[in-house]
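Okay, here's what each chain looks like letter by letter:
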Amino acid sequence: MTSEIQVRIRNFDPIERDSVDAVVRGAWTELIDLMPQGDQLAARLGSLTEHADQSEIIVAELNSQIVGAVGYVGAHQPKPGFFQADWPMVRMLSVAPGYRGLGLGKQLLEECVARAKRDDAPVLALHTTSVMKAAQRLYVECGFEKIKELPLLFGVPCALYTKTL
């Protein structure tokens, strides 16, 4: 008998800040040691919820527990200068380590794509680093293309990816 995993993708509630921050910390902590300036990343792991007023935070919930999160930053919201102002972006896609391989990251990313389409955006953009191999595979699988190399981020190569909508 096969059981299907029931995941609920929904909007973040501000009272869940600690839970979301814990998921982000858990998802990104393993990368800190791979980056020469990982301590700078560690200091920013609460930035997803800190910027909740400038983005839509989306969570993946499994059995009443938040196990994934991502930020959807709409057009003309504050973002790094290498993004065009009219591009929405994906921020800090995070899945708790014990829940990887279940398709949660893909579902969160697809929700960002749906919101960009809702907003009639021309593209959806994101940036990623060379140490995020699984994330890069997911982005390509979901139709994102590497557009250009960016300056180092936390001491590792970084690239801009976009998906035409």
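Going by the structure above, here's the rest.
Residues numbered from 1 in each chain as written. Predicted model: local features only at pLDDT ≥ 70, side-chain atom pairs only at ≥ 80, totals over all residues. Heavy atoms only, no water.

### Structural notes on the packing of aromatic side chains
Evaluated as defined, the whole model comprises 3 aromatic pairs. Three or more aromatic residues joined by ring pairs form one cluster here, namely Tyr139, Phe144 and Tyr161. (Phe/Tyr/Trp six-rings, centres within 6.5 Å; stacked < 30°, edge-to-face > 60°.)

### Quick notes on the pairing of strand β7 (residues 156-164)
In terms of burial, β7 is largely enclosed, as 7 of its 9 residues are buried. Relative to β7, strand β5 (residues 123-129) runs antiparallel, the two sharing 7 bridges. Within β7, the position partnered with Val123 by the bridge is Thr164. Judged from the 6 bridges that link them, strand β6 (residues 145-153) and β7 form a sheet pairing that is antiparallel. Across the sheet, Glu145 pairs through a bridge with Thr162, a residue of β7. Where β6 hands over to β7, the hairpin turn is made up of 2 residues, of which Phe154 adopts a positive phi near 55 degrees. (Buried < 20%, exposed > 50% of the residue type's maximum accessible area, 1.4 Å probe, protein only. Helix = DSSP H or I, 4+ residues; strand = E, 2+ residues; numbered from the N terminus. Pairing = 2+ DSSP bridges.)

### Quick word on the environment of Arg10
Structurally, the position occupied by Arg10 is in strand β1 (residues 7-11). Each C-alpha atom of the pair Arg10 and Pro80 lies 26 Å from the other, and the pair is 70 residues apart in sequence. Ignoring any residue separated from it by four or fewer positions in sequence, one finds Arg10 in contact with Glu16, Ile57, Ile58, Val59, Glu61 and Ile66. A distance of 3.0 Å separates polar atoms of two side chains, one belonging to Arg10 and the other to Glu61. (Contact = heavy atoms within 4.5 Å. Polar contact = N/O pair within 3.5 Å; in protein donor to acceptor, adjacent residues only side chain to side chain.)

### Considering the packing of helix α4 (residues 104-118) against helix α5 (residues 133-141)
Where α4 contacts α5, the two axes come as close as 11 Å, and the packing angle between them is 50 degrees. The angle between α4 and α5 falls in the class oblique. Considering only the axes of α4 and α5, their crossing is right-handed. Residues Gly105, Lys106 and Leu109 of α4 form the contact with α5, whose participating residues are Leu138, Tyr139 and Glu141. (Axes fitted to C-alpha atoms, helices over the stretch in contact; angles between N-to-C directions. Parallel < 35°, antiparallel > 145°, perpendicular 65-115°, else oblique. Left-handed = near helix turned anticlockwise from the far one by under 90°.)

### Examining the pattern of salt bridges
Per the stated rule, a full pass over the model turns up 11 salt bridges. Put simply, Glu61 and Arg8 hold a salt bridge, and the shortest N to O gap is 3.2 Å. You can see Glu61 sitting in strand β2 (residues 56-62) and its partner Arg8 sitting in strand β1, a full 53 residues away along the chain. Judged by relative accessible area, Arg8 falls into the partly exposed class, the value being 47%. Notably, a salt bridge pairs Glu16 with Arg10, separated by 2.5 Å at the nearest N-O pair. (Salt bridge = Lys/Arg side-chain N within 4 Å of Asp/Glu carboxyl O.)

Purely geometric numbers; function is a separate question.
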